[in-house]
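Chains, contacts and geometry: an overview
Next come the chains, spelled out residue by residue.
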Amino acid sequence: MLLHLVHETRYRYKPQVENAHHVLHLKPASHAGQQLLKHSLAISPEPTQLRELTDVYGNARTFFSLRVPHDTLTVTAESVVSTLAVNSAVKDLSWGLPWEQVREQFRYQAGGAYDSACEFVFASPYVPRDDAFAEFARPSFTPGRPLPEVAQDLMERIHARMTYESDSTDVGTPALEALQSGKGVCQDFAHIMVACCRAMGVPARYVSGYMLTNPPPGKPRLIGSDASHAWASVYCPLSSDAARMRLAVGQNPGVWLDFDPTNNRAPGEDYVTLATGRDFLDVSPMRGVIRGGARHVLDVAVTVTPVEVA
């Protein structure tokens, strides 16, 4: 599927901002499930400095500086992405190692082989360790159960437990608070699933991106009516033989499987990955430091459209 993405962020400041430094995660990733075909970034006022780097998790990250007074800042990212259907590994969930074996694999052992996924076992700023996450997770983590099946069941239980409610939380709402209240937005659903996996010793990461939403029958697709999305990704190591084969060709000895607890499904060709990290803080679409602008109004408009329609 070919998808056309437009993500516009507009800040209105009062009083004006004297100077500012910002970082963006707005360039979609290229990986086995999707390919970035086109990307452009428009910033007004024009930045004094602009550069793109790759962060520690492999995401494209853009820095820019503004050294002119401004009362409005507009950032528009436009991309075209080719996506693929759901990986067959997600359809058959019985192939994975038992979750206890995965947990033991990521326990610290002196002289043990390093796996980059170990960074996603530990607590992070938005995903702390708490017994409440382990307590909620345990019914899914039954003895000897393959990890992909565990993750699927956990996703379904989070979806059943939580109620999606717009504006019920914000970016600073702790995952534990969202779990206790039983309501939140996609960011909260993703943080809760990541926290539950880590509480049981299993690596999990946060994924930011977009999802194609279809308008009601007979209604036109509204420009700017979509929104950013988020889901969780669980690391599933392969058997010894399969892992050795992947290592021989420079690949990771396991696979990351994506799960969307907000919609209770596996992301497919109607999803676009922007960036992955430990939690939202690592992949925030836009953040920065400003001088001035004591008050501001933020408007974000996202449009995801099939290229045939665009």
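Look up: the structure comes first, before these words.
Residues numbered from 1 in each chain as written. Predicted model: local features only at pLDDT ≥ 70, side-chain atom pairs only at ≥ 80, totals over all residues. Heavy atoms only, no water.

Brief notes about the packing of aromatic side chains
We count it as follows: Whether two aromatic rings pair depends on their centres lying within 6.5 Å, for rings of Phe, Tyr and Trp, where Trp uses its six-membered ring; planes under 30 degrees apart make the pair stacked, over 60 edge-to-face, and the rest tilted. For each residue, the accessible area found with a 1.4 Å probe, counting protein chains only, is set against the maximum for its type, and the residue is called buried under 20%, exposed over 50%, and partly exposed in between. Here, a charge over a ring means that NZ of Lys or CZ of Arg falls within 6 Å of the ring centre while also lying within 35 degrees of the ring normal.
Following the criterion strictly, the structure yields ten aromatic pairs and no others. Ring geometry for Tyr 11 and Tyr 13: centres 5.7 Å apart, planes at 0 degrees, overall stacked. Classification of Tyr 11 as buried rests on a relative accessible area of 15%. Residue classification places Tyr 13 among the buried positions, given a relative accessible area of 8%. Taken together, the ring pairs in this structure connect Tyr 57, Phe 106, Phe 120, Tyr 235 and Trp 256 into an aromatic cluster. Residue placement shows Arg 51 over the ring face of Phe 63; its charged tip is 5.5 Å from the ring centre. A cation over a ring is seen here: Arg 157 above Phe 136, with NZ or CZ 4.4 Å from the ring centre.

As for the pairing of strand E3 (residues 49-54)
Heads up, the condition is: The helix count covers DSSP runs of H or I at least four residues long, the strand count covers runs of E at least two residues long, and both are numbered beginning at the N terminus. Whether two strands pair comes down to DSSP finding at least two bridges between them.
Across the six residues that make up E3, only a small minority, zero, are buried. Where E3 lies against strand E4 (residues 60-66), six bridges are found, and the strand directions are antiparallel. Note on E4: the bridge partner recorded for Glu 52 is Thr 62.

Some thoughts on helix H6 (residues 186-199)
What counts here: Here, expected helix span is obtained from the residue count minus one, scaled by 1.5 Å.
A rise of 1.5 Å per residue sets the reference length of H6, with its 14 residues, at 20 Å; its end C-alpha atoms lie 20 Å apart and thus fit the reference within 8%. Taken across its 14 residues, H6 has 13 buried, putting it largely inside the fold. Remark: Gly 201 follows H6 within two positions and exhibits a positive phi of approximately 85 degrees.

What to know about the nonpolar core
Where we set the bar: In plain words, nonpolar cores are sets of buried Ala, Val, Leu, Ile, Met, Phe, Trp, Tyr and Cys residues tied together by side-chain atoms within 4.5 Å. Any pair of residues with heavy atoms lying within 4.5 Å of one another is described as a contacting pair.
Ranked by size, the top nonpolar core spans 39 residues in total, and within it Phe 141, Leu 147, Leu 154, Ile 158, Ile 192, Met 193 and Val 234 carry the most contacts. Of all the elements in the fold, those that place two or more residues in this core are helix H2 (99-105), helix H3 (131-137), helix H4 (147-161), helix H5 (175-181), H6, strand E9 (228-237) and strand E10 (254-259). Take this core: its biggest share by element is seven residues, from H6. Sequence-distant contacts of Val 234, defined by excluding residues within four places in its chain, comprise Leu 147, Ala 151, Met 193, Cys 197, Val 202, Pro 203, Ala 204, Val 255, Trp 256, Leu 257 and Phe 259.

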